[in-house]
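Structural features, examined
Read off the chains here:
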Amino acid sequence: MLRLILFVLLVNFYSVLLGQNNYTLSKAFTTSDGLPSNHIYQVVEDNKGFLWVATDAGIARFDGKYFQVFTVQNGLPDDEVLEIAKEKNGRIWVNCFKQSPAYFDEIQNRFINAKEDTLLANVKGVSIMHIYALPDGGVLYENEIGSYIFKDGKIREYPRTKKNNARLFIKTFGNENLQFGDCINKIHKGYQFVLGNNDRIIDSISAFPAKSGGLSYGFNENKFYILSHGEGKCFIYSNFNVHPIRFSIDSVSIPEPIFWYGFTPNYLNILSTSGKIYVFNKSSLQQQMIISGNYSPTYLYNDKQQNIWVSTVDKGLLLYKQQQIDHVALPENYTNTNFLSVAKKQDGTILAGNFYGEVVETNGRSFYVKQVTQVTQNLVSPMWQRKIIISQNKIFTFSEGGNYVNYNKLLINSSNNEQTNAKTAIVYNDSIIIFGNLGYLLVLNTVTEKIYSLKYPKKRVTAIAKAANGNVYFGSTDGLYKCDLTNNTRFAFLPKNALLEERVTGLCYTKDNLLWIATASNGLVAVRSDTVVQHITMSNGIISNSCKSIIATRVGQVWLGTNQGISIINYQSINGSIKYTVQNLSANDGLSNNIINEMLFQNDTVYAATGNGISIIPVNIPTYKFNIAVQLIGVRINQKDTIINNNYQLKYNQQNIQLQFAGIELGGNFKNLLYSINNNNEWITLNENLLSLQLDNGKHIVQLRAVDGNGNVSDKILTLEFTIATPFWKAIWFWLLNTVFAFAIIFYFVQKRNKQKQQQQIAVIENQQHIAEIEMQAIKAQINPHFVFNCLNSIKSLNYQQRYAEADNYTDKFSQLLRSTLEFSSEAIITLKEELDYIINYVQLEQLRFGDKLQFDVKINESINTNTIQVPSLILQPYVENAIRHGIGNLIKEIGRLTISISQQKNYLEIIIDDNGVGVEQANLINKAKPDYHQSKGMELNKRRAELHNISFDIFDKKDIEKGTRITLKIPLI
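Here is a short report on the structure shown in this document. (Residues numbered from 1 in each chain as written. Predicted model: local features only at pLDDT ≥ 70, side-chain atom pairs only at ≥ 80, totals over all residues. Heavy atoms only, no water.)

Time to look at the sheet that holds strand 21 (residues 233-241). Pairing in this open sheet of four strands is antiparallel, and the strands run 19-20-21-22 from one edge to the other. Two strands lie at the open edges of the sheet, namely strand 19 (215-220) and strand 22 (246-253), each paired on one side alone. Here the average twist between neighbouring strands, direction ignored, is 20°. Bridge count between strand 19 and strand 20 (residues 223-228): six bridges; the pairing is antiparallel. Its bridge partner being in strand 20, Gly 218 is matched across the sheet by Tyr 225. (Pairing = 2+ DSSP bridges. Helix = DSSP H or I, 4+ residues; strand = E, 2+ residues; numbered from the N terminus. Axes fitted to C-alpha atoms, helices over the stretch in contact; angles between N-to-C directions.)

What follows is the structure in structure tokens.
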């Protein structure tokens, strides 16, 4: 059933390395990683640490983790980019297939071509062109037309002419130029150096004979290279001088024909037709290494960290790194390299079990594959080799399909005479192995090869560890358990703790009495005396929470295997607590694969069974801190691309900002970013390279820094400033202006309202005055017809009676009354004295007409000053006239009495006009009976005047003991 398969292998799968440099293939980057194509032409590192990758489908800028692709949509003249050159000032230039030059603009984050920079359009020609960076600045483009140097925004042309067939510019000597090109001498064929001035040839010298076998040439750092493809030689020309032309010549050779060549900061790289890359030091011309593999290379480049990048025709971009981690050599055609278990014999032979029922044995000189198969009903099925333990010079293998000794003897359970299977196993002592399966713990005596089962509750055993006191801990799908082997009936559940109920994938017990538990999805747990003392997850250091294995190495150190690599935990136990630091290893550091299924520690070395081979790691592997710089590589504001800057002055509505960053570390040691806004000392983890912000109006400071794979935070901080204008409706000046404007509007409307009120009041006053004037005119019109007529008749009668003295007195009083009427009727207000004088004069005239039949009296309160109190002019006359004319005038025999009483109340003047006439009702009846009766409007008009002046009045007839009419006027004091 067991068959021995022997492979003899001395060739590494991917590379052959010569010299002192321990380079191994770390990773192959392809389109699945973000490259635009797997056909790579050339790579160059710029001054900021980005790697530029030229492909046949565009150019990519690489920060060690992400590729940012540029195509014709981003300014490239063509998507097929053949060459890249970095100018001394850091600017990146490209040479696209049969197109004019282009360069990268970091501010606009795009390439500038001849359509945008017309200087570039001066390069003519239709043939393939080459580009070279010049050591003193600028770049040189060369094609069949000649050479073009771009420097400091200017172009210098060195054309190929009919007389001077040289095309490649070498060096300037004053006004003379040394160039290289085809020899035009009919006798001699080959290449030559030509010294000339414009079209005039000053001197020339043959550089190389015939073109047989194929030649290529290149220019790098003031040295000129000619490669003879057929004979595998490269000639290096340097130390140029003229008058006459002279130079130094060196050469290197390879043992096979040359395919192509390339230059890096340190190396001259010659590619052979077989696909090997011969690497020479450019200064010493000593061969450094040979790199080859199952790929066709196009270029080799070494970056500042001395990583080597190999461009290939169809395998993408390959990264070779100097590693502290070695690997077990496996045959190139052996593909079952996903290993589950690892062990080591005393003679140094490595044993590794895989998923296919195989155990590989190799010592570096020979390679064997041991097949362990399970036969069930004549069917052969592979068994996963979970564990390999060497005891008593025997090899014990454990799998779900059966446990074997030396690959061919099936182990049987003595208790039931059945075969056993296992998921895990540990060495308990020199002769005892404890293993677990789907339901039980079992004990194997490696001397007698007898097996018996422990009587414990049925549990799936996924991991086992031995404590210092002999107790055994085992993990299951539902957590952690322990047992005492001295009494196989004793089984204990641990105290309730959520962390101890996780699915266990690995256990180890250290000399300081700590039990370390690797869980399937919740990181690493440390337990002392069955109590959790520490919990370590991705958030505080380890590379992944999905753990697969764990081992103890030296004191104060455990190694945790995960699905993303290895975390080395260096710890100290201080006052019962665990203080620790974490160092992470992954494929970027040289692991053959990130899936770590099992680890073995021997002789200061850790052997890791990974998803693709066995890695050999020194336990004291050095820890590196990568001080990673962060670069802003993309900005979108309100979903629109904008220029790259560190300070942005934005409009009030430009608040939606998306930033793209690069943590530049070509070795792949960049982990994540931290960002902070407005210096609040709170750094937030950013696991992607995109940050979306929605900022308020005002000034904002955004800071970013990088974290490497070991959790070290870079001290290089990228600071960005965004000032977003405040909309005018939120600005202080706007609200101040609004407030002033509001006050102005309020003031305007208040003033307008006040003015309207004032105008209304003025209009009312004017209207009142107008009415008063009309009324006064009406009053005067009422006086004139009957009063004047009566007065004139009285004067006439006195004259007939020859009572001349009385007529004369009457005439004087009458004329005085008329003058006062005319005077007062033009004024709205007069004094009380003037009003009373007028009334007294009027009544006296009436007394001359009535004789003794009219008695008149005026009673004024002593407190009243008639000279200061003002009343509406002629306000009393209509009432007095009405009392005399209609009240007293209708008496037949009685003597008429008229009294005016004046007193002052709080805020008004009270005037009472009292008569003993017939009364209002009787007067109206008498008047209506007269044939010539005409109702006067004087009282009605006076009533309206009283209302205008807020004068209240009351007229009533006295009907009891007294008769007559009493009129009460209440005039507001003016």
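There is more to say after this.
Our next topic: the sheet that holds strand 10 (residues 110-112). Pairing between the strands of a sheet comes from backbone hydrogen bonds, and it takes one of two forms, parallel or antiparallel. In space, the four strands of this open sheet follow the order 7-8-9-10, with antiparallel pairing throughout. In the strand order of this sheet, the two ends are held by strand 7 (81-86) and strand 10, each with one partner. Averaged over all neighbouring strand pairs, the angle between strand axes comes to 35°, with direction disregarded. As paired strands, strand 9 (residues 102-105) and strand 10 are joined by three bridges and run antiparallel to one another. Considered in strand 10, the bridge of Asp 105 is made with Arg 110.

With that out of the way, let us pick up the pattern of salt bridges. Once the charged atoms of two side chains with opposite charge are near each other, the side chains can pair. Summed over all chains, the structure comprises 19 salt bridges. The closest approach of N and O atoms between Glu 894 and Lys 963, which form a salt bridge, is 3.4 Å. Of this pair, Glu 894 sits in the loop between helix 4 (877-888) and strand 74 (896-904) while Lys 963 sits in the loop between strand 76 (952-958) and strand 77 (964-972); the two residues are 69 residues apart in sequence, bridging distant segments of the chain. By relative accessible area, Glu 894 is classed as partly exposed at 38%. For Lys 963, a relative accessible area of 39% puts it in the partly exposed group. Through salt bridges with shared partners, a single network forms among Arg 386, Glu 400 and Lys 423. (Salt bridge = Lys/Arg side-chain N within 4 Å of Asp/Glu carboxyl O. Buried < 20%, exposed > 50% of the residue type's maximum accessible area, 1.4 Å probe, protein only.)

Along the chain, Ile 884 falls in helix 4. Judged by its relative accessible area of 0%, Ile 884 is buried. Note: C-alpha distance between Ile 884 and Leu 898 (14 residues apart in sequence) is 7.8 Å. Beyond its immediate sequence surroundings of up to four residues, Ile 884 is in contact with Tyr 842, Val 843, Glu 846, Phe 850, Leu 854, Gly 889 and Leu 898. (Contact = heavy atoms within 4.5 Å.)

Taken together, the side chains of Tyr 652, Phe 728, Trp 729, Trp 733 and Leu 737 make up a nonpolar region of the molecular surface, amounting to roughly 550 Å² of accessible area. Assignment of secondary structure puts Phe 728 in the loop between strand 70 (718-724) and helix 1 (732-800). Residue Phe 728 is classed as partly exposed on the basis of its relative accessible area, which comes to 45%. (Patch = residues over 30% accessible without salt bridge, like charges linked within 9 Å, V, L, I, M, F, W, Y side chains within 5 Å. Areas by Shrake-Rupley, 256 points an atom, 1.4 Å probe, with all protein chains shown as cover.)

Interpretation in functional terms is not warranted from these geometric data alone.
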